[in-house]
Amino acid sequence: MLLRWLHFVGGVAWLGLLYFFNLVNVPFMKELDAATKGKVLPSLMSRRALVVSLGLRADRSSRLGILGQRCRLGCKEWRRLIRAGPMATFFIIWTVAWGLMYASLIPGKGALDKGPVLAVIYIVIVVAASHVFLHLNNHGWESNRLLAIGIGGGMGWVMMLNVWGVIWRAQKKIINWTKDNAANGAPMPDKAKYLARQAFLTSRANFVLSFPMLFLMGAASHYPMFGK
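Residues numbered from 1 in each chain as written. Predicted model: local features only at pLDDT ≥ 70, side-chain atom pairs only at ≥ 80, totals over all residues. Heavy atoms only, no water.

Section: the pattern of salt bridges
Two side chains of opposite charge can pair, provided their charged atoms sit close to one another. Counted according to the given criterion, the structure contains one salt bridge. We note a salt bridge from D113 to R197, for which the minimum N-O separation is 3.1 Å. Taken together, the residues D113 in the loop between α4 (86-105) and α5 (115-136) and R197 in helix α7 (residues 191-222) connect sequence positions 84 residues apart. Note on D113: relative accessible area 23%, which makes it partly exposed. Overall, the relative accessible area of 31% leaves R197 in the partly exposed class. (Salt bridge = Lys/Arg side-chain N within 4 Å of Asp/Glu carboxyl O. Helix = DSSP H or I, 4+ residues; strand = E, 2+ residues; numbered from the N terminus. Buried < 20%, exposed > 50% of the residue type's maximum accessible area, 1.4 Å probe, protein only.)

Structure follows, in structure tokens:
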């Protein structure tokens, strides 16, 4: 129960900050001048990274602990899971899905710099990944819980890769450049605008993905949709 509680706390911290930055911070930052941004941005983003890191660690620890507990208890479904390979298909499918999303984001120009265009691409990728996961784990014994978490958790995995693989990598550079600009008057590199846009689009994607992810987390136990 402690591990489950840590999972909830970590998720609330992570998603709470995600909603804050998308709904409050983005419009607020547009109202600030460059000098004020130079003072506010580094401190704000650094603290955000710390809380997100703690949230993700708690989330990961609780998941591993829960899975380990099921294995020790000799859960029949867990043994079947190991044999049939849903865990392997989970990581492969959703990591490939993230790679395709990231590849779509990299150019950063033309149609691929437009939020609605990327949204359509991402929807196609997520729907396709979900379909493939269900198709490969259609042996008849899989439970609604396993399949719902396999899709919703996959979206969470994509969101985590977005945070560590795209958003935080970009923000670390932007924070350092902003500090240097505020302290020494050094001009912001041309790449700063590209990375800021990339981080914004990725964060907005995480914001949208959080809603079906949360729905499927609830549906795993309370709304049978798949399997038994």
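Details of the nonpolar core
One finds W94, F133, I151, M155 and M159 to be the most contacted residues of the largest nonpolar core, which totals 35 residues. Secondary structure elements with two or more residues in this core: α1 (2-29), α4, α5, α6 (144-184) and α7. Sequence-distant contacts of F133, that is, excluding residues within four places in its chain, are made with P86, T89, F90, I93, L146, L147, G150 and I151. (Core = buried A, V, L, I, M, F, W, Y, C linked by side-chain atoms within 4.5 Å. Contact = heavy atoms within 4.5 Å.)

Points about the packing of aromatic side chains
In total, this model carries eight aromatic pairs according to the counting rule given. Look at Y19 and F207: their rings are 5.4 Å apart centre to centre, the planes differ by 85°, and that puts the pair in the edge-to-face class. In this pair, Y19 is assigned in helix α1 and F207 in helix α7, connecting sequence segments 188 residues apart. Accessibility expressed as a relative area gives 23% for Y19, which makes it partly exposed. On the basis of relative accessible area, F207 is assigned to the buried category, the value being 14%. Between F215 and Y223, the aromatic rings sit 6.1 Å apart at their centres with planes inclined by 65°, giving edge-to-face as the arrangement. Judged by its relative accessible area of 46%, F215 is partly exposed. Here a set of aromatic residues connected by ring pairs shows up, and it is made of Y19, F207 and F211. (Phe/Tyr/Trp six-rings, centres within 6.5 Å; stacked < 30°, edge-to-face > 60°.)

Thoughts on a nonpolar patch on the surface
Taken together, the side chains of L2, W5 and V9 define a hydrophobic patch exposed on the protein surface, amounting to about 330 Å² of accessible area. With respect to the secondary-structure elements, W5 resides in helix α1. (Patch = residues over 30% accessible without salt bridge, like charges linked within 9 Å, V, L, I, M, F, W, Y side chains within 5 Å. Areas by Shrake-Rupley, 256 points an atom, 1.4 Å probe, with all protein chains shown as cover.)

Side note on the packing of α1 against α7
The interhelical angle for the contact between α1 and α7, taken along N-to-C directions, is 135°, at an axis separation of 10 Å. It follows that α1 is oblique to α7 by the angle criterion. In this structure, α1 crosses over α7, and the sense of that crossing is left-handed. Contacts from H7, L15, L18, Y19, N22, L23 and V26 in α1 reach F200, S203, R204, N206, F207, S210, F211, M213, L214 and M217 in α7. For the contact of α1 with α7, the per-class residue count stands at 11 nonpolar, five polar and one charged. (Axes fitted to C-alpha atoms, helices over the stretch in contact; angles between N-to-C directions. Parallel < 35°, antiparallel > 145°, perpendicular 65-115°, else oblique. Left-handed = near helix turned anticlockwise from the far one by under 90°. Nonpolar A, V, L, I, M, F, W, Y, C, P; charged D, E, K, R; others polar.)

A look at the environment of W168
Within the secondary structure layout, W168 lies in helix α6. The exposure class of W168 is buried, given its relative accessible area of 19%. In this structure the C-alpha to C-alpha distance between W168 and A199, which are 31 residues apart in sequence, comes to 7.9 Å.

What to know about the side chain of S130
Following the sequence through the fold, S130 ends up in helix α5. Of the residues examined, S130 reaches a relative accessible area of 12% and is grouped as buried. In contact with S130, other than residues within four places in its own chain, are W94 and I151.

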